[in-house]
Amino acid sequence: MAASGISQGGKDYHLPWVEKYRPSKIADIVGNQDAVTRLQVIARDGNMPNLIFSGPPGTGKTTSILALAHELLGPNYKEAVLELNASDDRGIDVVRNKIKMFAQKKVTLPPGRHKIILLDEADSMTSGAQQALRRTMEIYSNSTRFALACNISSKIIEPIQSRCAIVRFGRLSEQDILNRLLDVVEAEKVAYIPEGLEAVVFTADGDMRQALNNLQATFSGFQFVNQENVFKVCDQPHPLLISSMIRHTLEGNIDEAYRGMKHLFDMGYSASDIITTLFRLVKNYDMAEYLKLEFIREVGFAHMRIADGVGSLLQLAGLLAKLCKARTRAKAP
Ligand SMILES: Nc1ncnc2c1ncn2[C@@H]1O[C@H](COP(=O)(O)OP(=O)(O)O)[C@@H](O)[C@H]1O
Ligand SMILES: [Mg+2]
């Protein structure tokens, strides 16, 4: 059976797939099994502690927060939940007034349930606003609980962190993403070949939002999901071109490696597009460990220089030369 959450698809043809296929129940959130299990326990037992959800984009933080609040509060959701998104004003005054008013509001809830304030992308709040938040958190802890989402928990001030349990999310595995894509292509009757879905998984790099968006963009642009179309739509250099370049450097063949690089550069890919894909492929390339470490080191340095603004073809050519020499420079253990 298709994953549930999927089954509700098809009602609205105009929603982007990321929204249409956003799981509404905690049980339908894929990956991060520890985090999901913890949330299910909280949803069942109530008495939600203040929570910080932290982790990279597109891994299910916002989805989890919404699902948890719905499971805890059911029909009381509208009355008992205050959602403040990054697009809302969340300066000190709003925290002082809006949040405080909500925290003071009387809502009758079943025992063990609390009003919930959801703060998405809380790491974008100023530290002043966070200080004000912290005080509300202390004063109203009997009636109101907070759920914060952020990419990096260290951007949340220490006194808030120490009042919250932290739920960590990591990038989703290729398998988890692929399974979800398979459900979606079935529900949407997408024409595809397996290599096309693999390409989508590759471009997403553990980010489900990216995966669904890239799948939908490829489908609406080409009506067919194969590798070529995916890399065209996502505007990323084709990994096959890059991995053949890696192979040439491993063989010490600078001419061929350079030809490949020049080709990519002439196609209009920026040095940072190229280096990002190169790094991901090197990381997973089948080569001796000591060589891989050397490669990663050199790619890392080049990435740094490119990030500093020196993204020329010469920079990339220099990198290829270093990689070609890595075999002789690095010693096998
Ligand atoms: N773990 C997951 N399981 C299923 N779908 C997911 C998961 N993570 C993200 N998605 C999909 O990606 C979209 C964005 O996820 P979201 O929870 O908003 O990510 P973020 O971690 O950036 O808050 C969701 O609408 C959903 O379609
Ligand atoms: Mg989010």
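Note that the structure is a prediction, hence the values are computed from the model and not measured.

### What about the site of ligand 1?
Inference 1: Neighbouring residues of ligand 1: 19 residues in total, closest Val 18, Gly 58, Lys 61, Thr 62 and Thr 63.
Inference 2: For ligand 1, a nitrogen atom lies 3.1 Å from a polar atom in the backbone of Gly 60.
Inference 3: Within the side chain of Lys 61, an N or O atom sits 2.7 Å from an oxygen atom of ligand 1.
Inference 4: Calculation on ligand 1 without its partners gives an accessible area of 550 Å², and the protein chains cover 97% of this total.
Inference 5: Contributing elements (two or more residues each) for the shell around ligand 1: helix H3 (61-73) and helix H10 (208-222).
Inference 6: Among the residues making up the shell around ligand 1, the classes are represented as 10 nonpolar, 5 polar and 4 charged.
Inference 7: Looking at which domains feed residues into the shell around ligand 1, each of domain 1 (32-168) and domain 2 (174-234) gives three or more.

### Side note on the pattern of salt bridges
Inference 1: One pass over the full model with this rule turns up 9 salt bridges.
Inference 2: One salt bridge in this structure joins Arg 44 and Asp 45, with 3.1 Å as the shortest N-O distance.
Inference 3: Given the relative accessible area of 61%, Arg 44 is considered exposed.
Inference 4: A salt bridge links Arg 259 to Glu 256, with the nearest nitrogen and oxygen atoms 3.0 Å apart. With Arg 259 and Glu 256 both in helix H13 (residues 254-266) and 3 residues apart, this pair spans about one turn of that helix.
Inference 5: Since its relative accessible area comes to 30%, Glu 256 is described here as partly exposed.
Inference 6: Taken together, the salt bridges that share partners define one network made up of Arg 134, Glu 138 and Arg 163.

### Some remarks on the nonpolar core
Inference 1: Grouped together as the largest cluster of nonpolar side chains are 50 residues, with contacts concentrated most on Leu 181, Leu 215, Ile 246, Ile 275, Leu 278, Met 287 and Phe 295.
Inference 2: Residue contributions to this core reach at least three from each of two domains, namely domain 2 (174-234) and domain 3 (239-331).
Inference 3: In terms of nonpolar packing, the next biggest core, distinct from the first, is built from 27 residues, Ile 42, Ile 65, Ile 116 and Phe 169 among them.

### Topic: the sheet that holds strand E2 (residues 81-84)
Inference 1: Sheet architecture is open: 5 strands sit in the order E2-E3-E4-E1-E5, paired in parallel fashion. What marks the edges here is a single partner per strand, and that holds for E2 and strand E5 (165-168). The average angle at which neighbouring strand axes cross in this sheet is 15°, direction not considered.
Inference 2: Where strand E3 (residues 115-119) and strand E4 (residues 144-150) come together, 5 bridges link them in parallel fashion. If you follow Ile 116 over to E4, its bridge partner there is Arg 145.
Inference 3: H3 rests against strand E1 (51-54), E2, E3 and E4 of the sheet, and its axis sits at about 150° to E1.
Inference 4: Here helix H6 (residues 127-139) sits on the sheet in contact with E3 and E4, set at roughly 145° to E4.

Scoring rules and cut-offs
Residues numbered from 1 in each chain as written. Chains lettered and ligands numbered in written order. Predicted model: local features only at pLDDT ≥ 70, side-chain atom pairs only at ≥ 80, totals over all residues. Heavy atoms only, no water. Near = heavy atom within 4 Å. Polar contact = N/O pair within 3.5 Å; in protein donor to acceptor, adjacent residues only side chain to side chain. Areas by Shrake-Rupley, 256 points an atom, 1.4 Å probe, with all protein chains shown as cover. Helix = DSSP H or I, 4+ residues; strand = E, 2+ residues; numbered from the N terminus. Nonpolar A, V, L, I, M, F, W, Y, C, P; charged D, E, K, R; others polar. Domains from an automatic or database assignment. Salt bridge = Lys/Arg side-chain N within 4 Å of Asp/Glu carboxyl O. Buried < 20%, exposed > 50% of the residue type's maximum accessible area, 1.4 Å probe, protein only. Core = buried A, V, L, I, M, F, W, Y, C linked by side-chain atoms within 4.5 Å. Pairing = 2+ DSSP bridges. Axes fitted to C-alpha atoms, helices over the stretch in contact; angles between N-to-C directions. Contact = heavy atoms within 4.5 Å.

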